[in-house]
Amino acid sequence: MLKSIVKEAGEILKSGYFKDKKVSFKGDVDLVTEYDVKIENFLKERLKGYSLPIVGEESFEGEYPHSAIYIDPIDGTTNFVHNIAYTAISVGIWEDGEPVEGVVYNPILEELFYAKKGEGAYLNGQKIEVSLHSRLIDSLIATGFPYTKTKMGKDFHFVIESLKNILPKTRDIRRLGSAAIDLCYVACGRFAGFYEVNLKPWDVAAGVLIVREAGGKVTNNGGQKYRFGDIIVATNGKIHDELLKNLASY
Ligand code: IPD
Ligand code: CA
Ligand code: CA
């Protein structure tokens, strides 16, 4: 069962959280630890039975399949390295280009978010729903900053220009450092919305379904169906248009 396998993997994350970790660099500021690799290997072995291709962040190369198990062994690696508790394992199953099952587990805060298509979304077994906020000014919004920021290119300008537009119009903005957790926090109503540029399929594969099953809406920045690689916009549905309107053009 997906949930119990991910919970077991959570023990590996927890075992590394308070220890000194060997950190390597995938880019200027993109970190990876031995625990990212250990968790991914553990999950790949335990999820073999699903007879779907496995796309793990630390080992996958190639085109993203329409049907696959997408694994982010540690989403929020920078937090994990710096002992900030927003760090989680994310596993999302997609079939024919649609999410069908997803788990996001933060073993430090002991929060397990889960959804199966058509069956609702849950936090530690309790049903969750998106928030009721209908105006941006009453909303707490989350976003993230892509690793490409160091290049100060298109992504960076989208981040800065969007912040300029949105920050003055919201209750406030958070940058927690884990896109998977950001999406789950939209699902359980802690955030009313979330947007980010340049996320990878494993960051969002589980969270997209968890938001939708909690009654929320997920699109790209043009308001169309979200596809891997798009700028993601996930909200409670009620502030969706207002948030879209205030995003910078890309
Ligand atoms: C990152 C986190 C972060 C987001 C980055 C992601 P990682 O994933 O989700 O919140 O802003 O764009 O790459 O590297 O910790 O797995
Ligand atoms: Ca990630
Ligand atoms: Ca990761």
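Residues numbered from 1 in each chain as written. Chains lettered and ligands numbered in written order. Predicted model: local features only at pLDDT ≥ 70, side-chain atom pairs only at ≥ 80, totals over all residues. Heavy atoms only, no water.

Thoughts on the site of ligand 1
Ligand 1 sits among 16 residues. The nearest are Asp75, Gly76, Thr77, Tyr147 and Glu196. Here an oxygen atom of ligand 1 and a backbone polar atom of Thr77 are 2.9 Å apart. Within the contact set of ligand 1, an oxygen atom lies 3.1 Å away from a backbone nitrogen or oxygen of Ser178. Contact with the protein chains removes 95% of the 380 Å² of surface that ligand 1 exposes when unbound. Applying the majority rule of atoms within 2 Å of the grid points places ligand 1 in the largest pocket. For the shell around ligand 1, the element with the most residues is strand 4 (residues 68-75), which contributes three residues. (Near = heavy atom within 4 Å. Polar contact = N/O pair within 3.5 Å; in protein donor to acceptor, adjacent residues only side chain to side chain. Areas by Shrake-Rupley, 256 points an atom, 1.4 Å probe, with all protein chains shown as cover. 1 Å grid on protein atoms, 1.4 Å probe; cavity = no way out; pocket = protein on both sides within 12 Å on 5 of 7 lines; lining within 4 Å. Sits in = over half its atoms within 2 Å of the grid points. Helix = DSSP H or I, 4+ residues; strand = E, 2+ residues; numbered from the N terminus.)

Quick look at the sheet that holds strand 13 (residues 217-219)
Strand pairing in a sheet relies on backbone hydrogen bonds. The paired strands run either parallel or antiparallel. If you walk across this open sheet you meet the five strands as 11-10-12-14-13, and the pairing is mixed. Both outer strands of the open sheet, strand 11 (172-174) and strand 13, are each paired with one neighbouring strand and no more. Geometrically, the sheet is characterised by an average inter-axis angle of 20° between neighbouring strands, direction not taken into account. Bridging between strand 13 and strand 14 (residues 232-235) involves three bridges; their strand directions are antiparallel. Opposite Thr219, over in strand 14, you have Val233 as the bridge partner. Along the sheet, helix 4 (residues 154-166) contacts strand 11 and strand 12 (193-196); its crossing angle with strand 12, the most-contacted strand, is approximately 150°. (Pairing = 2+ DSSP bridges. Axes fitted to C-alpha atoms, helices over the stretch in contact; angles between N-to-C directions. Contact = heavy atoms within 4.5 Å.)

With respect to the packing of helix 1 (residues 2-17) against helix 2 (residues 34-46)
Contact geometry of helix 1 with helix 2 gives a least axis separation of 10 Å together with a crossing angle of 165°. Relative to helix 2, the element helix 1 lies roughly antiparallel. Judged by the sense of rotation from one axis to the other, the crossing of helix 1 with helix 2 is right-handed. Two secondary-structure elements touch here, helix 1 through Ile5, Val6, Glu8, Ala9, Ile12, Leu13, Ser15 and Gly16 and helix 2 through Tyr35, Lys38, Ile39, Phe42, Leu43 and Arg46. (Parallel < 35°, antiparallel > 145°, perpendicular 65-115°, else oblique. Left-handed = near helix turned anticlockwise from the far one by under 90°.)

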